Amino acid sequence: MITIEKITKQIQKKQIIKCVDNKAAVLLPIVHVDDQLELLFQVRSKKLKWQPGDICFPGGRVELTDINPEHTAKRETAEELGIAFNQITILGQLPKFIATLGMMIYPFVGTINSLDDLQLNHDEVEQIFTVPIKWFIDNQPQCATMFLGQKPADNFPFDVITNRSTNWQKRSEHAVYYYQYQNWVIWGLTAQLLKFFIDTIGE
């Protein structure tokens, strides 16, 4: 039997799940290398289905068991780099924002005590590298335009939805930042976070 109580319960349950599924937390990890501050980057494992080989910061989806997004950022970093939770110190949080694909991103800035005892999770991380923060201050990112397109599949019911043409296509565009450091290209969401961080500390 359908009741208001049942409808309310099911809707609220779905809202909770959707809220968790659409949140992710990321850590911008700072390390000391040769007496200067550097940012640590990960190269995503080639085993991954989503963006294998891309450069990113540690992070991932907020899980139901996480206390808050800060906990997510530390947990994901510890799991991916193979370090103890207490080796990560959070310095602060950058403003949250919604990524192009609709996910809410919670970026945190923190320090990692040492890189000596890393045990990378190679199911997720191919390798790591670091870049001096000063290099990013001295080198602005380049910018390109990406077009996002939506077009109907072959089985789209144009015979029923008659107000759409068979060559209908919806397009939007957004800026894509990228940095070229030595042999690495840091782009997309990672470059967007990076630019915001550099702009923030340069104010």
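Residues numbered from 1 in each chain as written. Predicted model: local features only at pLDDT ≥ 70, side-chain atom pairs only at ≥ 80, totals over all residues. Heavy atoms only, no water.

1. Description of the overall build of the protein chain
Right, on to step 1. Summing up its helical and strand segments, the protein chain has four helices and 11 strands in all.
Right, on to step 2. Evaluated residue by residue, the protein chain yields a buried proportion of 36% over its 203 residues.
Right, on to step 3. In the protein chain, the proportion of contacts linking residues at least 24 apart, taken out of those at least 6 apart, comes to 64%.
Right, on to step 4. As displayed, the protein chain has an accessible area near 13100 Å², and 52% of this comes from carbon and sulfur atoms. (Helix = DSSP H or I, 4+ residues; strand = E, 2+ residues; numbered from the N terminus. Buried < 20%, exposed > 50% of the residue type's maximum accessible area, 1.4 Å probe, protein only. Contact = heavy atoms within 4.5 Å. Areas by Shrake-Rupley, 256 points an atom, 1.4 Å probe, with all protein chains shown as cover.)

2. Concerning the environment of Ile 98
Right, on to step 1. With respect to the helices, strands and loops of the structure, Ile 98 is situated in strand S6 (residues 97-98).
Right, on to step 2. A residue is classified by how much of its surface remains accessible, and Ile 98, at 57% relative accessible area, is exposed.
Right, on to step 3. It is 9.1 Å that separates the C-alpha atoms of Ile 98 and Lys 23, two residues lying 75 residues apart in sequence.
Right, on to step 4. Leave out the neighbours within four places in its chain, and Ile 98 touches Met 103 and Met 104.

3. Some words on the pattern of salt bridges
Right, on to step 1. Taken as a whole and judged by the stated rule, the model has five salt bridges.
Right, on to step 2. Between Glu 76 and Arg 75 there is a salt bridge, with its nearest N and O atoms 3.3 Å apart.
Right, on to step 3. Taking relative accessible area as the criterion, Arg 75 reaches 15% and is therefore assigned buried.
Right, on to step 4. The partner of Lys 195 in a salt bridge is Asp 199, with the nearest N and O atoms 2.8 Å apart. Remark: Asp 199 and Lys 195 occur in helix H4 (residues 188-201); sequence separation between them is four residues, near one turn of the helix. (Salt bridge = Lys/Arg side-chain N within 4 Å of Asp/Glu carboxyl O.)

4. Describing the nonpolar core
Right, on to step 1. Core analysis: the largest hydrophobic core is formed by 27 residues, its most contacted members being Leu 28, Leu 39, Phe 41, Phe 136, Ile 186, Leu 194 and Phe 197.
Right, on to step 2. No other element matches the five residues that H4 contributes to this core.
Right, on to step 3. In this structure Leu 194 touches Leu 39, Phe 41, Phe 57, Phe 136, Tyr 179 and Ile 186, once residues within four positions along its chain are discounted.
Right, on to step 4. The next biggest cluster of nonpolar side chains, apart from the first, holds 16 residues, and it includes Ile 88, Ile 90, Ile 112 and Leu 120. (Core = buried A, V, L, I, M, F, W, Y, C linked by side-chain atoms within 4.5 Å.)

5. A few points about H4
Right, on to step 1. With 14 residues, H4 extends 20 Å between its outermost C-alpha atoms, agreeing within 8% with the 20 Å of an ideal straight helix rising 1.5 Å per residue.
Right, on to step 2. Gly 188, Thr 190, Ala 191, Leu 193, Leu 194, Lys 195, Phe 197 and Ile 198 are the residues of H4 that are buried. (Expected span 1.5 Å × (residues − 1).)

6. A closer look at the packing of aromatic side chains
Right, on to step 1. Throughout the structure, instances matching the rule amount to eight aromatic pairs.
Right, on to step 2. Seen in terms of ring centroids, Trp 135 and Tyr 179 are 6.5 Å apart; in terms of plane orientation they differ by 55°. Their pairing is tilted. A residue pair is termed long-range when its members are at least 10 positions apart, and Trp 135 in helix H3 (residues 133-138) and Tyr 179 in strand S10 (residues 170-181) qualify at 44 residues.
Right, on to step 3. Here Tyr 179 falls in the buried class, since its relative accessible area comes to 2%.
Right, on to step 4. An aromatic cluster of three or more residues is present, and its members are Phe 41, Phe 57, Phe 129, Trp 135, Phe 136, Tyr 179, Tyr 181 and Trp 184. (Phe/Tyr/Trp six-rings, centres within 6.5 Å; stacked < 30°, edge-to-face > 60°.)

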